[in-house]
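A closer look at the structure
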Amino acid sequence: MGIRSVLSKPLAQYVVQRQQEWMHRPGETQQRWFQALLEGAKNTAFGRDHRFKDINSYPEFRQAVPIRDYEDLKPYIERILAGESDVLWKGKPVYMAKTSGTTSGTKYIPITRESIPNHINSARDALLNYIHETGKAAFLDKKLIFLSGSPELVVKNGINIGRLSGISNHHVPAYLRTNQLPSFETNTIEDWETKLEKIIDETLTQPMSLISGIPPWVQMYFDRIQARTGKKIKDVFPDFSLFVYGGVNFEPYRAKLYESIGKKIDSIETYPASEGFIAYQDTQTEEGLLMMLNSGIFFEFIPAEDYFSKNPRRLTIDQVELGKNYAVVIHNNAGLWGYSLGDTVKFVSNDPYRLLVTGRIKHFISAFGEHVIGEEVEKALHYAMEQHPETEVVEFTVAPMVSPLEGLPYHEWFVEFATPPNDLDAFTRDLDQRLTKLNTYYDDLISGSILRPLKLTVLPRETFRNYMKSQGKLGGQNKVPRLSNDRVIGEGLLQTMQTV
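Counting starts from 1 at the beginning of each chain's written sequence and moves along it residue by residue. With pLDDT at 70 or above as the cut-off, local features in this predicted model cover only qualifying residues; side-chain atom pairs require 80 or more to be listed or tallied, and sums for whole chains, interfaces and linings still use all residues. For the side-chain quantities, the full set of heavy atoms in the structure was used; hydrogens and water were omitted.

Examining the overall build of the chain
Put simply, the rule reads: In this description a helix means any DSSP run of H or I spanning at least four residues, a strand means any run of E spanning at least two, and both kinds are numbered starting from the N terminus. What the globule rule says is 2.2 Å times the number of residues to the power 0.38, and the radius of gyration is computed from C-alpha atoms. Here's how the labels work: a residue is buried when its accessible area is under 20% of the maximum for its type, exposed when over 50%, partly exposed in between, all with a 1.4 Å probe on protein chains only. Between two residues, a contact is recorded if the distance between any of their heavy atoms is within 4.5 Å. Using a 1.4 Å probe, the Shrake-Rupley method yields the accessible areas, and only the shown protein chains count as cover for residues. Positive charges come from Lys and Arg, negative ones from Asp and Glu, while His and the chain ends are left out of the count. One atom stands in for each charge, and that atom is NZ of Lys, CZ of Arg, CG of Asp or CD of Glu.
In terms of helices and strands, the chain carries 18 helices and 20 strands. In terms of C-alpha radius of gyration, the chain reaches 24 Å, essentially the compact-globule figure of 23 Å for 500 residues. Expressed along its principal axes, the backbone C-alpha trace of the chain runs to roughly 65 × 60 × 45 Å. Counting every position in the chain, which comprises 500 residues, the buried fraction comes to 53%. Residue pairs at least 24 apart in sequence account for 67% of intrachain contacts in the chain once pairs closer than 6 positions are excluded. By element, 49% of the accessible surface of the chain is carried by carbon and sulfur atoms, the whole surface being about 22,000 Å². Counting 57 positive and 62 negative side-chain charges, the chain places the centres of these two groups 3 Å from one another.

Shown next, in the form of structure tokens:
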């Protein structure tokens, strides 16, 4: 055994012991962070605006701090980007993580000196929990590959701005950096196709033991390796023993990934977000991800059925019930207050609190991490119709095609026209190009050849009506979702079209 694997075991034991101290005292742990966060931000602009110095209890805090999304916090974010200090958290953020998925396109999420451990230590501790439980640590002595965004950062008013995965790359522990791949130079390549080929050049002959990344990106990496070598991944990387993933639902990719590898291997699921590292898989034997209750975040949970009501119930960790869907709200030491992540979770254990990520509180597509939302597809369609004014649309919905029979994956738009555009190809191009302007992640995936431009499927008249009727949802308040993260509705529409 190498020095890394030997030293990792006592460190893993220490981390798990410390973890035991808070994971079985969830309410007490969260109350401690609630007080610390109030104290840390009481002299900020946000703290003054919301009377933090006068708040003495959680009910008072709940009255003073409403639930927000990014748009509501944006005025404070813009003050930070302009160079102002002590806005949402004391001082200035060290980083702004650039992300997407809001009505305004790009989001800038603060990461402060105090919040960095939440992102970095949580990822580390996920590995250490695995080592402690399984005794398997030899993978640390081989090569580790992290498929991530570019680590290059742009500095604006003293704040480093970049993708979260690239920011995290700067904080890989020194003892792992020497066996980390790809190289910094390769990681800075923006074009995914070019970058992928260079990653393969660097890794193909190396003893790779761990691969971390979003499943569809990892699958493309595997596909290219198999095309070059004609071998299963297990034969190219016989030491490959651990897959770490997060960001999208693994299930649509699991079978193909294991088929490409040629065997089943251990995996660790994580729940990271630019706003905070929420949970990770701490055991190979129990369902769910351990919630990070002692990592700079005070959580609230809104029952999913209450979310869109005028005064939704806001619950603390010790008030949630097992098996129910909740929207996640965070307050943290990066300066996010009452921030709705948009994710829904379901708790499967309360000692300790472990969860499953069940979806988004609103309809979306994020099969590849693009986080395309309803407003973006509606704006894209509106733009295309403005360019083709003869066009009239009856109904539409959008779904991902993850595994086409040939070619790259894509988004499929199912559209029923009252009056179709004179030039359907031009209409489709305008639609796709507008969506790339509205969503930077979608643009990255298109320009990086992860996705191909959208496909537009024209449906005959009455298809949506007949589909809704077949589902018992014709009329009333029933609506066809503008988009979904699976193909249930899309395939239902195609079947309806064929049977009518």
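Right, picking up where we left off after that structure.
What to know about the pairing of strand β8 (residues 242-245)
Threshold: Strand pairing is defined by DSSP finding a minimum of two bridges between the two strands.
With burial as the criterion, each face of β8 is covered, one bearing L242 and V244 and the other bearing F243 and Y245. Pairing analysis gives three bridges linking strand β7 (residues 208-212) to β8, with the strands arranged parallel. Its bridge partner being in β8, L210 is matched across the sheet by L242. Of the strand pairs in this sheet, β8 and strand β9 (residues 266-273) are connected by four bridges, and their pairing is parallel. Within β9, the residue paired with L242 across the bridge is D266.

Digging into the packing of aromatic side chains
Two aromatic rings, taken as a pair, are described by how far apart their centres are and by the angle between their planes. Our working rule: We call Phe, Tyr and Trp rings a pair once their centres come within 6.5 Å, taking the six-membered ring for Trp, and we label the pair stacked below 30 degrees between planes, edge-to-face above 60, and tilted otherwise.
Counted by the stated rule, this structure contains 22 aromatic pairs. Ring geometry for F46 versus F52: centroids 5.9 Å apart, planes at 75 degrees, classification edge-to-face. F52 shares its class with F46; the two are buried. Between the aromatic rings of F52 and F61, the centroid separation amounts to 6.2 Å while the plane-to-plane angle is 50 degrees, which identifies the pairing as tilted. With respect to burial, F52 and F61 carry one shared label: buried.

What to know about the pattern of salt bridges
For clarity, the cut-off: Salt bridge, as used here, is a side-chain nitrogen of Lys or Arg placed within 4 Å of a carboxyl oxygen of Asp or Glu.
Scanning the entire structure with this criterion turns up 25 salt bridges. Of the charged contacts, one joins R25 and E28 as a salt bridge, the two residues approaching to 3.9 Å between their closest N and O atoms. A relative accessible area of 41% means that R25 is categorised as partly exposed. Here E39 makes a salt bridge to K42, at a shortest N to O gap of 2.8 Å. A cluster of three or more residues bridged by salt bridges with shared partners is formed by E193, E197, D201, R224 and R228.

Here we look at the nonpolar core
Worth spelling out the cut-off: Here, the term nonpolar core denotes a set of buried Ala, Val, Leu, Ile, Met, Phe, Trp, Tyr and Cys residues that are joined through side-chain atoms within 4.5 Å.
Formed by 79 residues in total, the largest nonpolar core has its most connected members in W337 and F347. At seven residues, the largest contribution of residues to this core is made by helix α6 (residues 116-134). Discounting chain neighbours no more than four positions away, the residues touching F347 are M291, F301, I317, V320, E321, L322, G323, K324, Y326, Y353, R354 and L355.

Some thoughts on the environment of F368
Inspection of the secondary structure assignment puts F368 in the loop between β16 (364-365) and β17 (372-373). Its relative accessible area of 3% is what places F368 among the buried residues. Each C-alpha atom, one on F368 and one on L451, is 8.6 Å from the other, the two residues being 83 residues apart in sequence.

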